[in-house]
Amino acid sequence: QFRAPRVSSGVKIRIKHKPRIELEFSRDNVEEGDSLEVVCMVDAYPTNIRYDWFVNNVTIIGETTKVLKIENVQRKNDQMKIKCRATNDVGSSEATKVLNLSLQPKMIKNPETAFGRPDETV
């Protein structure tokens, strides 16, 4: 006697893993005076994630969400290393991104008028 195969409902299997991280800036071209959001994009299971932020390897106290907001970016912030650490019950992962500002030239010394004779260096 022939019996039709039994079909069971789908089973979902979730594998626990530590966070996988990618950092994204809210804008590609950042200039002096701009505001910037850095988003810590995380894929993890379990999904109870703790976020820690670092700027040039210094912990930013009180920043515990997936978005770091930086207001009024200054020239001194050029080449700043921004790091997010995401932690769940399985482990931790980190991602770092460097802020490259689009800087305008800065006049260091005002030009001076100089006079000279031909073939003379002034």
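Notes on the structure in this doc start here. Being a predicted model, the structure only gives us computed values, none of them experimental.

Scanning the chain for helices and strands turns up zero helices and seven strands. Its helices and strands in sequence order give the chain the pattern β-β-β-β-β-β-β, from N to C terminus. For the chain, the spread of C-alpha atoms along the principal axes amounts to about 115 × 40 × 20 Å. Across the chain, the fraction of contacts at a sequence separation of at least 24, relative to all contacts at a separation of at least 6, is 60%. When the 20 positive and 17 negative side-chain charges of the chain are each reduced to one mean point, those points stand 13 Å apart.

Pairing within the open sheet is antiparallel, and its three strands lie in the order β1-β2-β5. Only two strands of the sheet have a single neighbouring strand rather than two, namely β1 (17–25) and β5 (67–70). Sheet twist, expressed as the mean angle between neighbouring strand axes with direction ignored, is 15 degrees. Pairing of strand β2 (residues 36–45) with β5 involves four bridges; the strand directions are antiparallel. Bridging from a neighbouring strand, valine 38 pairs with leucine 68 of β5.

This part takes up the state of the cysteines. A full pass over the atoms with the stated rule returns one disulfide. Each sulfur in the disulfide pair cysteine 40 and cysteine 84 lies 2.1 Å from the other. Across the S-S bond linking cysteine 40 and cysteine 84, the dihedral sits near -90 degrees, which makes this disulfide left-handed. Within this pair, whereas cysteine 40 is found in strand β2, its partner cysteine 84 is found in strand β6 (residues 80–87), the two being separated by 44 residues in sequence. Summarising the burial analysis for this pair, cysteine 40 and cysteine 84 share the class buried.

Relative to strand β7 (residues 92–99), β6 is paired through eight bridges, and the arrangement is antiparallel. The partner of arginine 85 across the bridge, within β7, is glutamate 94.

Let us look at the packing of aromatic side chains. The full count for this structure, using the stated rule, is zero aromatic pairs. Just above the ring of phenylalanine 54 sits the side chain of lysine 83; from NZ or CZ to the centre is 4.9 Å.

This part is about the side chain of aspartate 52. For aspartate 52, the position within the fold is in strand β3 (residues 50–55). A polar atom in the side chain of aspartate 52 sits 3.3 Å from the side chain of arginine 50. For aspartate 52, the residues in contact, after removing those within four places along its chain, are Glu63, Lys83, Cys84 and Arg85.

Definitions and cut-offs
- Starting from 1, residues in each chain are numbered consecutively following that chain's sequence as written.
- With pLDDT at 70 or above as the cut-off, local features in this predicted model cover only qualifying residues; side-chain atom pairs require 80 or more to be listed or tallied, and sums for whole chains, interfaces and linings still use all residues.
- Only hydrogens and water are set aside; all other atoms, that is, all heavy atoms of the structure, feed into the side-chain values.
- Put simply, DSSP H or I for four residues or longer makes a helix, DSSP E for two residues or longer makes a strand, and each gets a number counted from the N terminus.
- By definition in these notes, contact holds between two residues if any of their heavy atoms fall within 4.5 Å.
- Lys and Arg are tallied as positive, Asp and Glu as negative. Neither His nor the chain termini are counted.
- A charged residue contributes its charge at one atom only: NZ of Lys, CZ of Arg, CG of Asp or CD of Glu.
- Pairing between strands is defined by DSSP: at least two bridges between the two strands are required.
- Helix axes are fitted to C-alpha atoms over the stretch in contact, other axes to C-alpha atoms as well, and angles between N-to-C directions run from 0 to 180 degrees.
- Any two cysteine sulfur atoms lying within 2.5 Å of each other are counted as a disulfide.
- Accessible area is worked out with a 1.4 Å probe on protein chains only. A residue is then buried under 20% of its type maximum, exposed over 50%, and partly exposed in between.
- The criterion for an aromatic pair is that two Phe, Tyr or Trp rings (for Trp, the six-membered ring) have centres within 6.5 Å, with stacked assigned to planes under 30 degrees apart, edge-to-face to planes over 60 apart and tilted to the rest.
- Whether a charge sits over a ring depends on NZ of Lys or CZ of Arg being within 6 Å of the ring centre and within 35 degrees of the ring normal.
- Here a polar contact means two N or O atoms within 3.5 Å. Within protein one must be a hydrogen donor candidate and the other an acceptor candidate, and residues neighboring in sequence count only if both atoms are side-chain atoms.

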